Amino acid sequence: MIDVGELPLMQQDEHFMRLALREATAALDHQDVPVGAVIVREGRVIARGHNQRELLNDPTAHAEMLALTAAAEAVGAWRLDGCTIYVTLEPCPMCAGAIVQARVPRLVYGATDPKTGACGSLYAITTDERLNHQVITEGGVLEHDAADLLRAFFAEQRAMGKK
């Protein structure tokens, strides 16, 4: 078994984004938008999350928010130093703000979100120098896989007369 930490950064990013994509598919079980997140520290996944807004009837139950909460519990602190969060879709303003507040040093996302993306598309919260923390932000990792999953979900929803 290969140590993921020994792989070049781009391959590590793709490996962990694949795990986030797997997490995203879990949201389909309860008709949630398929977005997944994993948080990695020292080459190990310490937290996972997928959208659960429909399941929990909670507007804040985004993949990132749930993963951040689980990661804070795993490390025993709200500051997530040394962590990277992998998300299949560019975070919204709420999630981007939470990533900044948690002091996550690095964000990697898949598909861009021109309607609500807050990490470069519509806003740039994670890199805004007016805030007390900036996040190294990289998008486009396995972008097509993430976008295809979302397109298929919304096509199915429209076919059923929803969303």
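Residues numbered from 1 in each chain as written. Predicted model: local features only at pLDDT ≥ 70, side-chain atom pairs only at ≥ 80, totals over all residues. Heavy atoms only, no water.

**A word on the nonpolar core**
Moving on, step 1. The biggest cluster of nonpolar side chains holds 44 residues, and the ones touching the most others in it are Ile39, Leu68, Ile85, Tyr86 and Leu107.
Moving on, step 2. Elements represented by at least two residues in this core include exactly α1 (9-27), β1 (36-41), α3 (63-75), β3 (83-89), α4 (93-101), β4 (106-111) and α5 (143-159).
Moving on, step 3. Take this core: its biggest share by element is six residues, from α1.
Moving on, step 4. Sequence-distant contacts of Ile85, that is, excluding residues within four places in its chain, are made with Val38, Ile39, Glu64, Leu68, Ile99, Val104, Arg106, Leu107 and Val108. (Core = buried A, V, L, I, M, F, W, Y, C linked by side-chain atoms within 4.5 Å. Buried < 20%, exposed > 50% of the residue type's maximum accessible area, 1.4 Å probe, protein only. Helix = DSSP H or I, 4+ residues; strand = E, 2+ residues; numbered from the N terminus. Contact = heavy atoms within 4.5 Å.)

**Details of the packing of α1 against α5**
Moving on, step 1. Interhelical geometry of α1 versus α5 gives an angle of 5° and a closest axis separation of 11 Å. It follows that α1 is roughly parallel to α5 by the angle criterion. Between α1 and α5, the residues in contact are Leu21, Ala24 and Thr25 and Asp145, Ala146 and Leu149, respectively.
Moving on, step 2. A breakdown of the residues in the contact of α1 with α5 according to their chemical character gives four nonpolar, one polar and one charged. (Axes fitted to C-alpha atoms, helices over the stretch in contact; angles between N-to-C directions. Parallel < 35°, antiparallel > 145°, perpendicular 65-115°, else oblique. Nonpolar A, V, L, I, M, F, W, Y, C, P; charged D, E, K, R; others polar.)

**Notes on the packing of aromatic side chains**
Moving on, step 1. In this structure the tally under the stated criterion is two aromatic pairs.
Moving on, step 2. Taking 5.1 Å as the distance between ring centres and 75° as the angle between the ring planes, the aromatic pair formed by Phe153 and Phe154 counts as edge-to-face.
Moving on, step 3. Residue Phe154 is classed as partly exposed on the basis of its relative accessible area of 28%. (Phe/Tyr/Trp six-rings, centres within 6.5 Å; stacked < 30°, edge-to-face > 60°.)

**Side note on the environment of Glu64**
Moving on, step 1. Within the secondary structure layout, Glu64 lies in helix α3.
Moving on, step 2. On the basis of relative accessible area, Glu64 is assigned to the buried category, the value being 3%.
Moving on, step 3. Separated by 16 residues in the primary sequence, Glu64 and Arg48 place their C-alpha atoms 8.4 Å from one another.
Moving on, step 4. Among all residues touching Glu64, those that are not within four sequence positions of it are Ala37, Ile85, Val87, Leu89, Pro91 and Cys95.

**So, the pairing of strand β2 (residues 44-50)**
Moving on, step 1. Of the strand pairs in this sheet, β1 and β2 are connected by six bridges, and their pairing is antiparallel. From the neighbouring strand, Arg41 faces β2, where its bridge partner is Arg44.
Moving on, step 2. Between β1 and β2, which follow one another and run antiparallel, lie two residues, and Glu42 among them has a positive phi close to 55°. (Pairing = 2+ DSSP bridges.)

**A few points about the layout of surface pockets**
Moving on, step 1. Taken as a whole, the largest pocket encloses approximately 650 Å³ of empty space.
Moving on, step 2. Taken together, 24 residues line the largest pocket, and the ones lying closest to its centre are Leu89, Asp113, Thr116, Leu150 and Phe154.
Moving on, step 3. When grouped by side-chain class, the residues that make up the lining of the largest pocket number ten nonpolar, five polar and nine charged. (1 Å grid on protein atoms, 1.4 Å probe; cavity = no way out; pocket = protein on both sides within 12 Å on 5 of 7 lines; lining within 4 Å. Points joined across faces, edges and corners; volume = space filled by probe spheres on them.)

**Here we look at the environment of Asp113**
Moving on, step 1. Locating Asp113 in the fold gives a position in the loop between β4 and β5 (136-138).
Moving on, step 2. On the basis of relative accessible area, Asp113 is assigned to the buried category, the value being 13%.
Moving on, step 3. Each C-alpha atom of the pair Asp113 and Ala147 lies 9.5 Å from the other, and the pair is 34 residues apart in sequence.
Moving on, step 4. Setting aside residues no more than four positions away along its own chain, Asp113 makes contact with Leu89, Glu90 and Ser121.

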